[in-house]
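Report on the structure
For reference, the chains in residue letters:
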Amino acid sequence: MARPGTGLLVPVNGLGYPPQNLARVVVWEWLNEHGRWRPYSAAVCHHIENVLKGDARGTVVLGQVDGQLSPYVIDLQSMHQFRQDTGTMRPVQRNFYEPSSAPGKGVVWEWENDNGSWTPYDMEICVTIQNAYEKQHPWLDLTSLGFCYLIDFNSMSQTNRQSQRKRRLRRRMDLAYPLIMGSIPKSQSWPVGASSGHPCSCQQCILVNSTRAASNAILASQRRKVYGGTGGNSGGTATLTGVRQSNTFAGTTLWSPTSASSGTNNNNISVGGGHAKAEQVQSPLSSANFPCSPVMPSLSSAHGHHALTINGQNNLNRPGTQRISMGTARGAIPPGVPALPVKNLTGSGPVHPALAGLPVCLTRAPKPILHPPPINKSDMKPVPGINGMRRKTKKKHLRRGKNPEDVVRRYTEKIKVAPDEDCTICMERLVMSSGYEGVLQHKGIKPELVGKLGKCGHMYHLLCLVAMYNNGNKDGSLQCPTCKTIYGEKTGTQPPGKMEYHVIPHCLPGYPDFKTIRIVYDIPAGIQTNEHPNPGKKFSARGFPRHCYLPDNDKGRKVLKLLIMAWDRRLIFTIGTSSTTGESDTVVWNEIHHKTEFGSNLTGHGYPDPNYLDNVLTELSAQGVGEDNLKD
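In this text, all values refer to a predicted model and were calculated from it rather than measured experimentally. (Residues numbered from 1 in each chain as written. Predicted model: local features only at pLDDT ≥ 70, side-chain atom pairs only at ≥ 80, totals over all residues. Heavy atoms only, no water.)

1. Topic: the pairing of strand β6 (residues 80-83)
On any regular strand, side chains alternate: one points to one face of the sheet, the next to the other face. Note that strand β5 (residues 72-75) and β6 share four bridges and pair antiparallel. Across the sheet, Asp 75 pairs through a bridge with His 80, a residue of β6. Linking β6 to strand β7 (residues 89-97), which pair antiparallel, is a turn of five residues; within it Gly 87 sits at a positive phi near 85°. (Pairing = 2+ DSSP bridges. Helix = DSSP H or I, 4+ residues; strand = E, 2+ residues; numbered from the N terminus.)

2. Focus on the sheet that holds strand β36 (residues 546-551)
In space, the four strands of this open sheet follow the order β26-β32-β33-β36, with antiparallel pairing throughout. Whereas interior strands pair on both sides, the edge strands pair on one side only; in this sheet they are β26 (390-392) and β36. The sheet shows a mean angle of 15° between the axes of neighbouring strands, taken without regard to direction. Note: strand β32 (residues 498-504) against strand β33 (residues 516-522), seven bridges, orientation antiparallel. If you follow Glu 500 over to β33, its bridge partner there is Val 520. (Axes fitted to C-alpha atoms, helices over the stretch in contact; angles between N-to-C directions.)

3. Quick look at the packing of helix α8 (residues 554-568) against helix α9 (residues 612-622)
Running from N to C, α8 and α9 point in directions that differ by 25°, and their axes come no closer than 10 Å. Taken together, the axis directions place α8 and α9 in an arrangement best described as roughly parallel. The hand of the α8/α9 crossing is left-handed. Facing Lys 555, Gly 556, Lys 558, Val 559, Leu 562, Leu 563 and Ala 566 of α8, the residues of α9 in contact are Leu 613, Asp 614, Val 616, Leu 617 and Leu 620. Class assignment of the residues belonging to the contact of α8 with α9 gives a composition of eight nonpolar, one polar and three charged. (Parallel < 35°, antiparallel > 145°, perpendicular 65-115°, else oblique. Left-handed = near helix turned anticlockwise from the far one by under 90°. Contact = heavy atoms within 4.5 Å. Nonpolar A, V, L, I, M, F, W, Y, C, P; charged D, E, K, R; others polar.)

4. Quick look at the pattern of salt bridges
In total, this model carries 24 salt bridges according to the counting rule given. In this structure, Glu 49 and Arg 94 form a salt bridge, with 2.9 Å as the shortest nitrogen-oxygen distance. Of this pair, Glu 49 sits in helix α1 (residues 42-54) while Arg 94 sits in strand β7, and the two are 45 residues apart along the sequence. Pair check on accessibility: Glu 49 and Arg 94 agree, each one buried. The closest approach of N and O atoms between Glu 134 and Lys 105, which form a salt bridge, is 2.5 Å. (Salt bridge = Lys/Arg side-chain N within 4 Å of Asp/Glu carboxyl O. Buried < 20%, exposed > 50% of the residue type's maximum accessible area, 1.4 Å probe, protein only.)

5. With respect to unusual backbone geometry
Following Phe 544, the chain continues into Pro 545 via a peptide bond in cis, with omega recorded as 0°. Residues Tyr 607 and Pro 608 are joined by a peptide bond in cis, for which omega reads 5°. In this fold, Pro 608 is placed in the loop between β38 (586-589) and α9. Positioned with a positive phi, Gln 164 is a non-glycine residue whose angle comes to about 65°. Secondary-structure assignment places Gln 164 in the loop between β12 (157-160) and β13 (166-173). One non-glycine residue, Arg 570, lies in the positive phi region at around 65°. Mapping Arg 570 onto the fold places it in the loop between α8 and β37 (573-576). By relative accessible area, which is 8% here, Arg 570 ends up buried.

6. Re the environment of Arg 38
Examined against the element boundaries, Arg 38 turns out to sit in strand β3 (residues 37-39). For the pair formed by Arg 38 and Gln 93, sequence separation is 55 residues and the distance between their alpha carbons is 9.9 Å. For Arg 38, the residues in contact, after removing those within four places along its chain, are Trp 28, Glu 29, Trp 30, Asn 32, Thr 119, Pro 120, Tyr 121 and Asp 122.

7. Here's the deal with helix α3 (residues 123-134)
In a regular helix each residue adds 1.5 Å, so 12 residues correspond to 16 Å; α3 covers 16 Å between its end C-alpha atoms and thus fits that length. The set of residues buried in α3 consists of Met 123, Ile 125, Cys 126, Val 127, Thr 128, Ile 129, Gln 130 and Ala 132. Where α3 ends, the next residue or the one after it, Gln 136, has phi of about 60°, a positive value. (Expected span 1.5 Å × (residues − 1).)

8. Considering the side chain of His 461
Mapping His 461 onto the fold places it in strand β29 (residues 459-461). Exposure remark for His 461: the relative accessible area of 0% places this residue in the buried category. At 2.9 Å, the side chain of His 461 and the backbone oxygen of Met 432 are in polar contact. (Polar contact = N/O pair within 3.5 Å; in protein donor to acceptor, adjacent residues only side chain to side chain.)

9. Some remarks on the confidence of the model for the protein
Of the residues in the protein, 66% reach a pLDDT of 70 or more, and the chain-wide mean stands at 73. Predicted confidence for residues 397-401 stays below pLDDT 50, and this span has five contacts to residues more than four positions away or in other chains. (pLDDT = per-residue confidence, 0-100.)

10. Quick notes on the sheet that holds strand β28 (residues 450-453)
Two pairing modes exist for strands in a sheet, parallel and antiparallel, and in both the strands are linked by backbone hydrogen bonds. Strand order across the open sheet formed by three strands is β27-β28-β29, with antiparallel pairing between neighbours. Either end of the sheet is taken by a strand with one partner, and the two such strands are β27 (412-415) and β29. Taking the axes of each pair of neighbouring strands and ignoring which way they run, one obtains an average angle of 40° across the sheet. As paired strands, β28 and β29 are joined by three bridges and run antiparallel to one another.

11. Digging into the state of the cysteines
Under the definition given, this model contains zero disulfides. Cysteine Cys 480 shares no disulfide, and the gap to the nearest cysteine sulfur, in Cys 483, comes to 3.6 Å. A residue is classified by how much of its surface remains accessible, and Cys 480, at 1% relative accessible area, is buried. (Disulfide = S-S within 2.5 Å.)

Written out as structure tokens, the structure is:
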């Protein structure tokens with residue numbers, strides 16, 4: 001049967017761009033671990049487009065639209081999706097389709113997975129299925145797209161041509177994807193400077209900026225060929241160059257160009273000086289994962305016209321991972337895409353690889369090294385000087401006998417003559433009655449009584465201190481609201497969970513002579529209790545287990561001992577609103593910073609950081625967990 005193509009072919013002008021008034025549907029997609037672009041939902045794409053209109057360099061919080069995406073944000077400047085709790089980064093792209101296609105109509109095709117839930121097809125496949133469905137084809141073979149599946153529209157099923165296993169599929173209506181008008185924006189190089197116009201001073205930006213002049217010079221030369229080329233060769237063979245996405249990771253490309261024939265009597269578009277005919281490229285699907293190796297057209301030309309696939313124009317929007325598919329050894333570089341310089345054969349100076357006839361090595365966003373190499377369980381050793389390798393938090397202890405008046409009296413002494421200054425709790429003068437008079441009534445504590453805290457000497461109405469204690473954790477401790485001095489043993493509201501710690505045979509950046517202490521926190525989701533913001537309501541626990549790292553030296557072990565103490569006092573985590581995702585009623589860090597990035601410091605939560613151990617000791621001390629608490 002005649003199967004529909006994967007994209008709409010439309011005439012283009014001499015610059016290779018569609019007409020200015022052409023409408024397109026925008027689909028944002030992210031790259032999964034199998035090298036396949038997975039679409040975001042229509043609602044999420046509308047949200048991204050709205051943020052993009054306001055700030056093209058901004059950050060998109062996906063949890064504001066979809067609660068299941070609460071840990072994720074998109075950095076529009078680097079075109080990457082970032083998971084806040086684990087640090088995982090994935091490239092994203094902005095793809096374009098015809099308004100009459102499946103995303104433009106809000107049509108979603110899905111297959112039933114092993115869990116009985118429904119998974120949407122990749123957008124390219126969804127468009128193809130919808131085209132065949134609209135043409136009333138009884139079946140559709142997906143081999144040409146790299147999948148050995150047969151779609152049967154009569155039984156609404158998908159059959160694996162190798163295993164003969166059948167799965168149900170369905171077609172449902174959803175929100176249509178966002179529609180835009182005008183030309184596709186040019187690519188955005190990575191990284192870019194700040195919005196103030198001053199370039200970034202990081203090493204990556206310096207490298208990129210140092211090569212941008214060479215790239216622009218080559219582009220200018222190639223554009224002169226486009227505008228001032230062989231205009232009189234009207235009957236010659238057309239030269240076409242296809243800009244295609246290169247799914248390259250670790251230097252391995254999943255694309256290989258092959259030749260195909262083109263029509264005749266076409267206009268000459270000479271880019272890079274070559275005379276290659278229309279090319280075909282393989283589907284961006286690894287042959288290791290999919291046994292079928294199809295060939296899909298990238299560009300085609302008809303008599304007197306040139307054509308460009310719309311759903312391939314996302315390549316102009318992907319920073320740092322683009323490649324030109326050409327018939328000659330010299331490649332053109334898309335606007336704004338920086339290339340790394342290489343030395344020439346004599347080593348006398350930098351020569352641009354496109355001029356040297358060498359492969360173009362494009363810069364890309366560096367990925368954080370979040371975890372060490374795989375480690376056998378036998379290689380995990382106890383931390384010297386610390387008993388055991390795990391701790392568990394128990395349910396909240398009953399705090400009987402800790403009457404608010406008794407706690408306040410324990411840490412204060414009465415003042416007979418109050419000074420004429422403000423009580424910083426109720427903001428009334430100390431010589432006047434407490435602002436909580438008539439609100440709180442406690443036997444033995446009159447509104448006009450003033451007390452002084454023993455360590456710091458700050459003075460407050462005793463009734464104000466009782467009110468402050470009642471609004472806190474009621475754990476038998478007090479904290480001075482002025483200087484934050486802690487009286488007693490402060491405890492937190494951390495939910496039940498598990499903390500593990502051990503030494504692994506790898507070193508952290510900045511600590512080459514020491515092994516590494518790995519801490520693993522694991523807290524499950526649950527129900528909030530009376531000490532939490534919303535008792536009886538469920539709370540989520542995103543990104544667990546969380547892995548954290550310390551150097552295995554004397555100071556690192558001291559920090560670990562204090563972290564164990566803070567864990568036992570339930571001070572490491574709390575339940576609140578995430579400052580990164582905006583999700584409420586979730587487990588969040590409680591002002592004690594941890595290093596969650598093992599081999600780099602791209603997120604600011606890794607090494608090297610020579611001041612981290614001192615900083616975290618200060619943070620622990622602010623929670624009442626100081627070095628004086630350690631036993632010899």
